[in-house]
Amino acid sequence: MIYISPSLLAADFADLKNDIRRVEEAGVDYLHLDVMDGAFVPNMSFGAPVISCIRPHSKLVFDVHLMINDPIRYIEDFAKAGADIITIHEESCEEPQKALDLIRSKGIKPSISISPATPVEKLYPYLESVEMVLIMTVVPGFGGQSLIPETLDKVRALRRYAKEHDLHFDVEVDGGLKPDNIGLATEAGANVIVAGSAIFLAKDPAAVIDSMRKIADEHPYRA
Ligand code: DX5
Ligand code: ZN
């Protein structure tokens, strides 16, 4: 099963409620919420207060991606705001395990991410404790960049590792995904696809989503 998670970063921030409704009606599965602190990444976006304001207006799975230093400080806030999945970055904290355990203790799915410069092996100690892994396919900080194809080798490595160790987690890819390259990601083993500009900036988001699903179906992962 492929899940599509449009990144709110590409939405019209003056009209979030309607923009979210538009993609929800177009048939997405999750809503990807990029939280940036201007320190872990050189950009700022929004935090828990914005997420709690939009929570009553959407039934989508809230897929919160924390690009912030020391995320453990804010897990409680994002839990209260209505997150369903919380992703932390391996590079953002001294003890990722503590943050992942705290996320799970709140009844939220824990997930861990790495940026393109971080080797995939850094994730291995945490794979038993997560429901999802997010592989950044661009350098985090900004929407609208081009996917770095080499990052998909990490998706393949994760799938191999999961099989060898009988582990089960989703693999999300984030950055530069669109109909043209979704097949490369699904063939590598990704099953949660973030797409910000490709979906929010489309005139007809339903057509883009349909074509993404069709191409994903035609390019399945084969172990
Ligand atoms: C980048 C964010 C991404 C990004 C995706 O730091 O994590 O979620 O907004 O946007 P597009 O699909 O436009 O690359
Ligand atoms: Zn993201």
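Residues numbered from 1 in each chain as written. Chains lettered and ligands numbered in written order. Predicted model: local features only at pLDDT ≥ 70, side-chain atom pairs only at ≥ 80, totals over all residues. Heavy atoms only, no water.

Student: Hey, could you run me through the packing of aromatic side chains in this one?
Tutor: Aromatic rings in a pair are described by how distant their centres are and how their planes are angled relative to each other. In the structure shown here, the tally under the stated rule is three aromatic pairs. Measuring from ring centre to ring centre gives 4.1 Å for Tyr 124 and Tyr 161, while their planes differ by 25 degrees; the resulting arrangement is stacked. Of the two residues, Tyr 124 is situated in the loop between β5 (109–114) and β6 (132–136) and Tyr 161 in helix α5 (residues 152–164); the sequence distance between them amounts to 37 residues. According to the relative accessible area criterion, Tyr 161 is buried, its value standing at 18%. The side chain of Arg 55 reaches across the aromatic face of Phe 62, ending 3.5 Å from its centre. (Phe/Tyr/Trp six-rings, centres within 6.5 Å; stacked < 30°, edge-to-face > 60°. Helix = DSSP H or I, 4+ residues; strand = E, 2+ residues; numbered from the N terminus. Buried < 20%, exposed > 50% of the residue type's maximum accessible area, 1.4 Å probe, protein only. Lys NZ or Arg CZ within 6 Å of the ring centre and 35° of its normal.)

Student: Mind showing me how you'd approach the sheet that holds strand β2 (residues 30–36) here?
Tutor: Within a beta sheet, neighbouring strands are joined by backbone hydrogen bonds and run either parallel or antiparallel to one another. One open sheet accounts for eight strands, arranged β1-β8-β7-β6-β5-β4-β3-β2; its pairing is parallel. Here the strands that pair on one side only, and so sit at the sheet edges, are β1 (3–5) and β2. Here the average twist between neighbouring strands, direction ignored, is 20 degrees. Sheet topology note: the β1/strand β8 (residues 192–194) ladder contains three bridges and is parallel. The residue bridging Ser 5 from the neighbouring strand is Val 194, located in β8. (Pairing = 2+ DSSP bridges. Axes fitted to C-alpha atoms, helices over the stretch in contact; angles between N-to-C directions.)

Student: Just checking my understanding: could you explain the site of ligand 1 for this structure?
Tutor: Near ligand 1 you find 20 residues, and of these Asp 34, Gly 141, Asp 174, Gly 196 and Ser 197 are the closest. Between ligand 1 and Ser 7, the relevant distance is 3.2 Å, taken from an oxygen atom to a side-chain nitrogen or oxygen of the residue. Asp 174 places a polar side-chain atom, nitrogen or oxygen, 2.6 Å from an oxygen atom of ligand 1. Only β2 and β3 (61–67) provide two or more residues apiece to the shell around ligand 1. The leading source of residues in the shell around ligand 1 is β2, at three residues. Looking at the shell around ligand 1 residue by residue, the classes come out as eight nonpolar, 10 polar and two charged. (Near = heavy atom within 4 Å. Polar contact = N/O pair within 3.5 Å; in protein donor to acceptor, adjacent residues only side chain to side chain. Nonpolar A, V, L, I, M, F, W, Y, C, P; charged D, E, K, R; others polar.)

Student: Just to check I follow, could you spell out the packing of helix α6 (residues 179–188) against helix α8 (residues 205–218) for this structure?
Tutor: Helices that pack against each other are described as a pair by the angle of their axes relative to one another and the distance between those axes. Between α6 and α8, the least distance of the axes is 8 Å, while the angle of their chain directions is 35 degrees. By crossing handedness, the relation of α6 to α8 is classed as right-handed. Residues Pro 179, Ile 182, Gly 183 and Thr 186 of α6 form the contact with α8, whose own contacting residues are Val 208, Ser 211, Met 212, Ile 215 and Ala 216. (Left-handed = near helix turned anticlockwise from the far one by under 90°. Contact = heavy atoms within 4.5 Å.)

Student: Whenever I open this one, the environment of Leu 9 confuses me. Can you help?
Tutor: Assignment of secondary structure puts Leu 9 in the loop between β1 and α1 (16–25). Take Leu 9: its relative accessible area is 24%, and that puts it in the partly exposed class. Each C-alpha atom, one on Leu 9 and one on Leu 33, is 7.3 Å from the other, the two residues being 24 residues apart in sequence.

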